[in-house]
Each structure stands twice: as C-alpha cells, then as structure tokens.
Amino acid sequence: MERSAQRLGRALVVIVDDRVAHGEQDDNSGPLVTELLEEVGFIVDGTVAVEGEVVDIRAALNTAVIGGVDLVVTVGGTGVSPRDVTPDATQGVLDRPIHGIAEALRASGLAAGAVDAGISRGLSGVSGSTLVVNLAGSRSAVRDGMATLSALVPYVIEQLSGLDEE
C-alpha cells in the first residue's frame, strides 16, 4: 500500500529568527517552504516563529512531534555564529539521525554555488515517527533544499509510516 502522491502527510514549518519571532520583520521563508511542501503533497499545519534559543527551538520541535506531524522543517540558525543553535536544539530531540539527508542538502547547495552550504551544521533525523530537517535561512537555501528534499522525503515518510511493509 502506498500513500497517495497527493497526501504525503502533515508538516510543520519552524522559523528560527529573533526578529520574525518578535514581529520586527516579516517572515519571507515560511510562506515559501509552505508552498513548496504543498506542491510535494504535504498538508502544512502552519508556521511557527521562535527565537534562536535552544529551549524555544526544542519546545517547538517537541510540540510538533507530540502533535503527530510527519515532517518538521526548520529554517534558520544552521551556521557557525554563536546565535546559530538550531542543530544543537535538534540534536537533543532526535532519536536517530539521518546523516545522508543533511549531507545531500550540503552537497546540493555547494553544487548550486552556495559556498555557505559547506559550513551548514544542519541536521536531519527521526524523532518518534516524525522526520525533522534543518534548512539554512536564505531563500536560495530553502529553494535548493526543498528541491533536494522533495526526492528524499516521500521515501522516508513511507518507511516511517510502515506502508512499505507487506
């Protein structure tokens, strides 16, 4: 039994940006990620903006996992500056890392000419039955990352749901 190509599952987008979380700046990435997830076949439950603090990011991730979403995509906070703590928060939530997805995101970013992709610390993995993926915050990183994820995520979601076992 395969999931319908129209309905891969539920997703949540977590924007990690102090200015967006405080309402000082509009969220330009969340609507883009939502649109791209819907094109792939996800129902997007919403977008949550949090400050770049480990406790806030971890709370958003845990809430999504407990809420039963199939996929959480975080945007922002994957670099090397002291405020880039999304991977640190994500690591504390994951039951099992999936290194290949993070490696594919870095490789595709570098191939597209995004030099900063090579220093991304973004992670991906499974928490419960939820796939969690960290993307960098730029619109180009989101577009490139979502193009890479669109090929990988359906396969992972199918495995996590047990629909590939017959």
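Parameters at a glance
- Residues numbered from 1 in each chain as written.
- Predicted model: local features only at pLDDT ≥ 70, side-chain atom pairs only at ≥ 80, totals over all residues.
- Heavy atoms only, no water.
- UniProt positions renumbered as here; feature names shortened; annotations may be inferred.
- Pairing = 2+ DSSP bridges.
- Helix = DSSP H or I, 4+ residues; strand = E, 2+ residues; numbered from the N terminus.
- Contact = heavy atoms within 4.5 Å.
- Axes fitted to C-alpha atoms, helices over the stretch in contact; angles between N-to-C directions.
- Salt bridge = Lys/Arg side-chain N within 4 Å of Asp/Glu carboxyl O.
- Buried < 20%, exposed > 50% of the residue type's maximum accessible area, 1.4 Å probe, protein only.
- Core = buried A, V, L, I, M, F, W, Y, C linked by side-chain atoms within 4.5 Å.
- Lys, Arg positive; Asp, Glu negative; His and termini not counted.
- Expected span 1.5 Å × (residues − 1).
- pLDDT = per-residue confidence, 0-100.
- Parallel < 35°, antiparallel > 145°, perpendicular 65-115°, else oblique.
- Left-handed = near helix turned anticlockwise from the far one by under 90°.
- Nonpolar A, V, L, I, M, F, W, Y, C, P; charged D, E, K, R; others polar.

The protein appears in an unreviewed UniProt entry as Molybdenum cofactor synthesis domain-containing protein from Lentzea albidocapillata. UniProt annotates the protein under Pathway (unreviewed entry) with the comment "Cofactor biosynthesis; molybdopterin biosynthesis."

Enquirer: Would you mind going over the sheet that holds strand 6 (residues 130-135) in detail, with residue names and values included?
Expert: Across the sheet, which stays open at both edges, the 6 strands sit in the order 2-1-3-6-5-4 with mixed pairing between neighbours. The sheet is open, and its two borders are formed by strand 2 (42-50) and strand 4 (96-97), each paired with just one other strand. Pairing between strand 1 (residues 9-16) and strand 2: 8 bridges, direction parallel. Paired with Gly-9 across the bridge in strand 2 is Phe-42. Relative to the sheet, helix 2 (residues 29-40) contacts strand 1, strand 2 and strand 3 (71-75), its axis offset from that of strand 2 by approximately 165°. Across the sheet, helix 5 (residues 99-111) lies against strand 4, strand 5 (124-127) and strand 6, angled at about 25° from strand 6, the strand it touches most.

Enquirer: Could you give an account of the pattern of salt bridges, naming the residues involved and the relevant values?
Expert: For the coordinates displayed, the defined rule picks out 5 salt bridges. Here Arg-83 ties to Asp-18 by a salt bridge, and the two come within 2.6 Å at their closest N and O atoms. Taken together, the residues span a long stretch of sequence, with Arg-83 in the loop between strand 3 and helix 4 (86-91) and Asp-18 in helix 1 (residues 18-21) at a distance of 65 residues. Accessibility expressed as a relative area gives 24% for Asp-18, which makes it partly exposed. Through salt bridges with shared partners, one network takes in Asp-18, Glu-53 and Arg-83.

Enquirer: An account of the nonpolar core is requested, with residue identities and associated values reported.
Expert: Counting 25 residues, the largest nonpolar core has Leu-37 and Leu-71 as the members making the most contacts within it. Secondary-structure elements contributing two or more residues to this core are strand 1, helix 2, strand 2, strand 3, helix 5, strand 6 and helix 6 (139-161). With sequence-adjacent residues up to four places away left out, Leu-71 is seen in contact with Arg-10, Ala-11, Leu-12, Leu-37, Phe-42, Thr-130, Leu-131, Val-133, Val-153 and Ile-157. Ile-57, Ala-60, Ala-64 and Val-72 belong to the second largest nonpolar core, which has 15 residues in total.

Enquirer: Before we move on, can you summarise the UniProt feature "domain: MoaB/Mog" (unreviewed entry) in the protein with the specific residues and values?
Expert: The UniProt entry lists residues 12-156 under the feature "domain: MoaB/Mog" (unreviewed entry), expressed in the numbering used here. The straight-line gap between the two end C-alpha atoms of residues 12-156 is 16 Å; of that span, 46% is helix and 21% is strand.

Enquirer: Could you give an account of the side chain of Asp-84, with specific residues and numbers?
Expert: Of note, Asp-84 is situated in the loop between strand 3 and helix 4. In this structure, Asp-84 is buried with no salt-bridge partner, the nearest side chain bearing the opposite charge being Arg-121 at 6.5 Å. For Asp-84, the residues in contact, after removing those within four places along its chain, are Gly-77, Thr-78, Gly-79 and Arg-121.

Enquirer: Please provide a residue-by-residue account of helix 3 (residues 54-66), values included.
Expert: Helix length check: helix 3, at 13 residues, gives a terminal C-alpha distance of 18 Å against a target of 18 Å (1.5 Å per residue), a fit within 8%. After helix 3 finishes, the residue Gly-68 shows a positive phi value of roughly 85°.

Enquirer: An account of the confidence of the model for the protein is requested, with residue identities and associated values reported.
Expert: With 94% of its residues at a pLDDT of 70 or more, the protein has an overall mean of 92. Below pLDDT 50 for its whole length, residues 1-6 participates in 12 contacts with residues either more than four positions away or in separate chains.

Enquirer: Talk me through the environment of Ser-120; I want residue IDs and the actual numbers.
Expert: Along the polypeptide, Ser-120 turns up in the loop between helix 5 and strand 5. Beyond its immediate sequence surroundings of up to four residues, Ser-120 is in contact with Thr-78 and Arg-106.

Enquirer: Outline the packing of helix 5 against helix 6, listing residues and values.
Expert: The relative placement of two packed helices comes down to the angle between their axes together with the axis-to-axis distance. Between helix 5 and helix 6, the least distance of the axes is 9 Å, while the angle of their chain directions is 150°. As judged from the angle between their axes, helix 5 and helix 6 are roughly antiparallel. Along this stretch, helix 5 crosses helix 6, giving a crossing that reads as right-handed. Mapping the contact onto sequence places Ile-101, Ala-104, Leu-105, Ser-108 and Gly-109 in helix 5 and Asp-144, Gly-145, Thr-148, Leu-149, Leu-152 and Val-156 in helix 6. Its residues placed into classes, the contact of helix 5 with helix 6 shows 6 nonpolar, 4 polar and 1 charged.

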